[in-house]
Amino acid sequence: MEEIVNMIVEEVLKKLQEKTKKATVLFTGGALGFKEAIQQLKLLLDDGWDFNILLSNSAEHVLTPHVIKKELGISNLFVEKEVNGIRPFYENINVLIIPTLTLNTAAKISVGIADSMATNLVAHAIMKGIPIVAAKDACDLQTPMRKQLGFHRIPSAYLENMNKHLQTIESYGIKLVNAGDLYQSVKNIAFSFLHEEKESNQPMKTKNIKKNVLTRMDIIEAKNNGHALIVPKTTIISPLALETAKELGVDIIQDR
């Protein structure tokens, strides 16, 4: 009986862990940085993240579903023409990842145009406060690769205008990073209230909790007592606890 109970507990903990790492991955048709982005997505998959993968019309033709399935070792993804509604792709996720953001999509997001699946999904994520991380390799006109490809005679006025678009979408809360930094950036932005334990000259009021699962009540108690929580790295933080920590601004420090 004890073995059966332990098996059930392990399965429940596994399911809880999976629910805390859900993301929609939206590919637009940018080719620059694609290989680096794929490697970063593989790291996230190895780290236990669950992906819903979407391809815009341009991504379907430029990057192709076959290549992405093969590179990521997955069997299922969605292309724009198959999507009847975007709600399933922004509800109950921790982060929206755009591994290949094109300049065209970035400019549309900047001025609020939502005339496609990609821009509509991003607009909904922005309005719902969902963290967004996007690789800028394909939309940054100053990336070194563009010079190697011969696109180095850009008029200053054009460059300034495109840079303004990128600055604007960053002001919306979208995190623009190099494709090679996606893995760490996703972890940082999705769980921005999680911290590694560090030595500090400024003492912080903390409480050590050694539990298999951190619950919403633990977060509320910490908020009421005005302290941060220190938990082992093995502790699973329930989805409701994650949401509550974000809402109440409670720091969760992962013990080294």
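Residues numbered from 1 in each chain as written. Predicted model: local features only at pLDDT ≥ 70, side-chain atom pairs only at ≥ 80, totals over all residues. Heavy atoms only, no water.

**Q** Got a minute to help me understand the overall build of the protein chain in this structure?
**A** Across its full length, the protein chain holds twelve helices and twelve strands. Buried residues in the protein chain amount to 44% of all 256 residues. For the protein chain, restricting intrachain contacts to residue pairs at least 6 apart in sequence, the fraction spanning at least 24 positions comes to 74%. (Helix = DSSP H or I, 4+ residues; strand = E, 2+ residues; numbered from the N terminus. Buried < 20%, exposed > 50% of the residue type's maximum accessible area, 1.4 Å probe, protein only. Contact = heavy atoms within 4.5 Å.)

**Q** What is the right way to look at the side chain of Lys 21 in this model?
**A** For Lys 21, the position within the fold is in the loop between helix 1 (2-19) and strand 1 (22-27). In terms of polar contacts, Lys 21 uses its side chain to reach the backbone carbonyl oxygen of Asp 47, at 2.8 Å. (Polar contact = N/O pair within 3.5 Å; in protein donor to acceptor, adjacent residues only side chain to side chain.)

**Q** What am I meant to see in the pattern of salt bridges here?
**A** One side chain can pair with another of opposite charge once the charged atoms of both are near each other. Under the defined criterion, the tally for this structure stands at nine salt bridges. Where Glu 160 meets Lys 164, a salt bridge forms, and the shortest distance between an N and an O atom there is 3.8 Å. Taken together, the positions of Glu 160 and Lys 164, both in helix 9 (residues 156-171) and four residues apart, correspond to about one turn of that helix. When its relative accessible area of 44% is taken as the criterion, Lys 164 is described as partly exposed. In this structure, Lys 207 and Glu 221 form a salt bridge, with 3.0 Å as the shortest nitrogen-oxygen distance. (Salt bridge = Lys/Arg side-chain N within 4 Å of Asp/Glu carboxyl O.)

**Q** Explain the environment of Asn 225 here, please?
**A** Along the chain, the position of Asn 225 falls in helix 11 (residues 216-225). Judged by its relative accessible area of 36%, Asn 225 falls in the partly exposed class. Sequence separation between Asn 225 and Thr 206 is 19 residues, and the spatial gap between their C-alpha atoms is 9.5 Å.

**Q** Help me out: how do you make sense of the packing of aromatic side chains in this one?
**A** When we look at a pair of aromatic rings, we describe it by the centre distance and by the angle of the planes. Considering all chains together, one arrives at two aromatic pairs under this definition. Aromatic side chains Phe 78 and Phe 89 sit 5.3 Å apart centroid to centroid with 75° between the ring planes, which places their arrangement in the edge-to-face category. Taken as a pair, Phe 78 in strand 3 (residues 78-79) and Phe 89 in helix 5 (residues 87-90) lie far apart in primary sequence, eleven residues in all. In this structure Phe 78 comes out as partly exposed when scored by relative accessible area, which is 28%. (Phe/Tyr/Trp six-rings, centres within 6.5 Å; stacked < 30°, edge-to-face > 60°.)

**Q** Help me understand the nonpolar core, please; the structure alone is not making it clear to me.
**A** In summary, soluble globular proteins display a tendency toward joint burial of nonpolar side chains. With 29 residues, the main nonpolar core has Leu 26, Leu 96 and Leu 101 as its most contacted residues. Secondary-structure elements contributing two or more residues to this core are helix 5, strand 4 (95-100), helix 6 (103-111), helix 7 (117-128), strand 5 (132-135), helix 9 and strand 6 (174-177). Broken down by element, this core gets its largest block of residues, five residues, from helix 7. In contact with Leu 101, other than residues within four places in its own chain, are Thr 28, Ala 106, Ile 109, Ala 134, Ala 135, Ala 138, Cys 139, Ile 169 and Leu 176. Phe 27, Leu 72, Tyr 183 and Val 186 belong to the second largest nonpolar core, which has 28 residues in total. (Core = buried A, V, L, I, M, F, W, Y, C linked by side-chain atoms within 4.5 Å.)

**Q** Would you mind showing me how to read the sheet that holds strand 4 here?
**A** Taken in spatial order, the six strands of this open sheet run 3-2-1-4-5-6, and their pairing is parallel. Pairing within the sheet leaves two strands with one partner each, and these edge strands are strand 3 and strand 6. (Pairing = 2+ DSSP bridges.)

**Q** Mind showing me how you'd approach the environment of Leu 121 here?
**A** Summarising the element assignment, Leu 121 is placed in helix 7. Expressed as a C-alpha distance, the spacing of Leu 121 and Leu 96, which sit 25 residues apart in the sequence, is 9.2 Å. Excluding its chain neighbours within four sequence positions, the residues that come into contact with Leu 121 are Thr 24, Leu 26, Leu 54, Ile 86, Phe 89, Tyr 90 and Leu 96.

**Q** Explanation requested: the pairing of strand 10 (residues 228-231) in the structure shown.
**A** Along a regular strand, successive side chains alternate from one face of the sheet to the other. With burial as the criterion, each face of strand 10 is covered, one bearing Ala 228 and Ile 230 and the other bearing Leu 229 and Val 231. Strand direction decides the pairing type here: strand 8 (residues 206-208) and strand 10, joined by three bridges, are parallel. Across the sheet, the residue bridging to Asn 208 is Ile 230, located in strand 10.

**Q** So what exactly am I meant to see when it comes to unusual backbone geometry here?
**A** Both trends apply: most residues other than glycine have a negative phi, and most peptide bonds are in trans. A positive phi angle, close to 70°, is found at Thr 64, a residue other than glycine. Given a relative accessible area of 24%, Thr 64 falls into the partly exposed group. Its identity as a non-glycine residue notwithstanding, Asn 92 has a phi of 60°, on the positive side. Exposure remark for Asn 92: the relative accessible area of 67% places this residue in the exposed category.

**Q** Explain the confidence of the model for the protein chain to me, please; I cannot follow it from the model alone.
**A** Detailed conclusions should not be drawn from predicted coordinates in areas where pLDDT is low. Here the protein chain averages 86 in pLDDT, and 87% of its residues register 70 or above. The least confident element of the protein chain is strand 7 (residues 194-196), whose mean pLDDT is 49; the most confident is strand 5, at 97. Considering only residues more than four positions removed or in separate chains, one finds that residues 195-202, a stretch of pLDDT under 50, has 14 contacts. (pLDDT = per-residue confidence, 0-100.)

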